[in-house]
Amino acid sequence: METGAVIVAAGMSTRMAQYKQLMKIGDLAMAERVIVNFQQAGVKEIVMVTGHRASELEAEFGHYNITFLRNENYETTEMFDSAKIGLSYLKGRCRKILFCPADIPFFQDTTVALLLRQKGDIIQPDYQGKAGHPIVINASYLPDIIRYQGEGGLKGALGSLKDAVRVRIPVEDEAVLMDADTKEEFHRLVELHHSRQMHARG
């Protein structure tokens, strides 16, 4: 398989005070939008790493024909630990891996397609000078990332890859930076959704 994707959706949404993975914007839940964006970009091998309320996510999104893996220790581990579960599963299955948390739902499928056309080992979208998600990772580096025990989570692991070619691709897609850890951030995503719909109608 050319390309796979890891979506991390194991967290408890403590800052949001609601289970944000299933919070809807328009017709789709946040985590669901990440799945749809990847599938619309042609990514077929998608892994979602669940933890908190895992059974609900698996029941809600099972019809998308993706692979679900559980981080049983989600209460005591970090997002990087969930990422490692997904990356370990895809090791040896794909040449490129897309990575995105479930709460960054509005990057466009055209952004994914643009990233996948680039040459490099670590490829990130860049909106107005800031790097965002999804990240494209050359799968040959997965063993080093999975072994990493240092600081900084996935960012630290990627930074430790000394010979990796890093590329940042300018995009006109502000949503690559927009997560939803708080209700204020969630409302910003709702506003973005409404503005895109109005633009599409116009």
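Residues numbered from 1 in each chain as written. Predicted model: local features only at pLDDT ≥ 70, side-chain atom pairs only at ≥ 80, totals over all residues. Heavy atoms only, no water.

**Points about the layout of surface pockets**
And then number 1: Within this model, the largest pocket holds a volume of roughly 1,200 Å³.
And then number 2: Lining the largest pocket we find 44 residues, and of these Met79, Phe99, Pro101, Asp103 and His133 sit closest to its centre.
And then number 3: The set of elements that each furnish at least two residues to the lining of the largest pocket consists of β1 (3-9), α3 (79-90), β6 (96-101), β7 (122-127), α6 (153-159) and β10 (166-170).
And then number 4: Broken down by element, the lining of the largest pocket gets its largest block of residues, 5 residues, from α6. (1 Å grid on protein atoms, 1.4 Å probe; cavity = no way out; pocket = protein on both sides within 12 Å on 5 of 7 lines; lining within 4 Å. Points joined across faces, edges and corners; volume = space filled by probe spheres on them. Helix = DSSP H or I, 4+ residues; strand = E, 2+ residues; numbered from the N terminus.)

**Remarks on the nonpolar core**
And then number 1: Counting 33 residues, the largest nonpolar core has Ile7, Phe38, Met48, Phe61 and Leu98 as its most contacted members.
And then number 2: With 5 residues, helix α1 (residues 30-40) is the single largest residue contributor to this core.
And then number 3: Once you skip the residues sitting within four places of it in the chain, Phe61 turns out to touch Gln21, Leu22, Ala29, Ala31, Glu32, Ile35, Met48 and Phe68.
And then number 4: With 26 residues, the next largest nonpolar core counts Val49, Ile97, Tyr141 and Leu142 among its residues. (Core = buried A, V, L, I, M, F, W, Y, C linked by side-chain atoms within 4.5 Å. Buried < 20%, exposed > 50% of the residue type's maximum accessible area, 1.4 Å probe, protein only. Contact = heavy atoms within 4.5 Å.)

**Some details on helix α2 (residues 54-61)**
And then number 1: For α2, the set of buried residues is Ala54, Leu57 and Phe61. The buried residues of α2 occupy an angular sector of 65 degrees when projected down its axis, which confines them to one face.
And then number 2: Of the surrounding elements, those touching the buried residues of α2 are β1, β3 (28-29), α1, β4 (45-50) and β5 (67-70). (Arc of directions from axis to C-beta.)

**Here's the deal with the packing of aromatic side chains**
And then number 1: For the structure shown, the criterion picks out 2 aromatic pairs.
And then number 2: Judged by centre distance (5.3 Å) and plane angle (45 degrees), the rings of Phe38 and Phe107 are tilted. With Phe38 in helix α1 and Phe107 in the loop between β6 and α4 (109-116), this pair connects stretches of sequence that are 69 residues apart. Each member of the pair, Phe38 as well as Phe107, carries the same accessibility label: buried. (Phe/Tyr/Trp six-rings, centres within 6.5 Å; stacked < 30°, edge-to-face > 60°.)

**A closer look at the environment of Leu189**
And then number 1: Tracing the sequence through the fold places Leu189 in helix α7 (residues 183-201).
And then number 2: The class for Leu189 is buried, based on a relative accessible area of 0%.
And then number 3: Considered as a pair, Leu189 and Asp144 are 45 residues apart in the sequence and their alpha carbons are 34 Å apart.
And then number 4: Setting aside anything within four residues of it in sequence, one finds Leu189 in contact with Ile25, Met30, Pro105, Phe106, Met178, Asp179 and Ala180.

**Description of unusual backbone geometry**
And then number 1: Geometrically, the link from His133 to Pro134 is a cis peptide bond, its omega value of 5 degrees lying close to zero.
And then number 2: By secondary structure assignment, the location of Pro134 is in the loop between β8 (130-131) and β9 (135-138).
And then number 3: Phi angles above zero are rare outside glycine, and Asn65 is one such case at about 60 degrees.
And then number 4: Summarising the element assignment, Asn65 is placed in the loop between α2 and β5.
And then number 5: Judged by relative accessible area, Asn65 falls into the exposed class, the value being 67%.
And then number 6: Phi is positive for Gln128, which is not a glycine, with a value near 50 degrees.
And then number 7: Structurally, Gln128 can be placed in the loop between β7 and β8.

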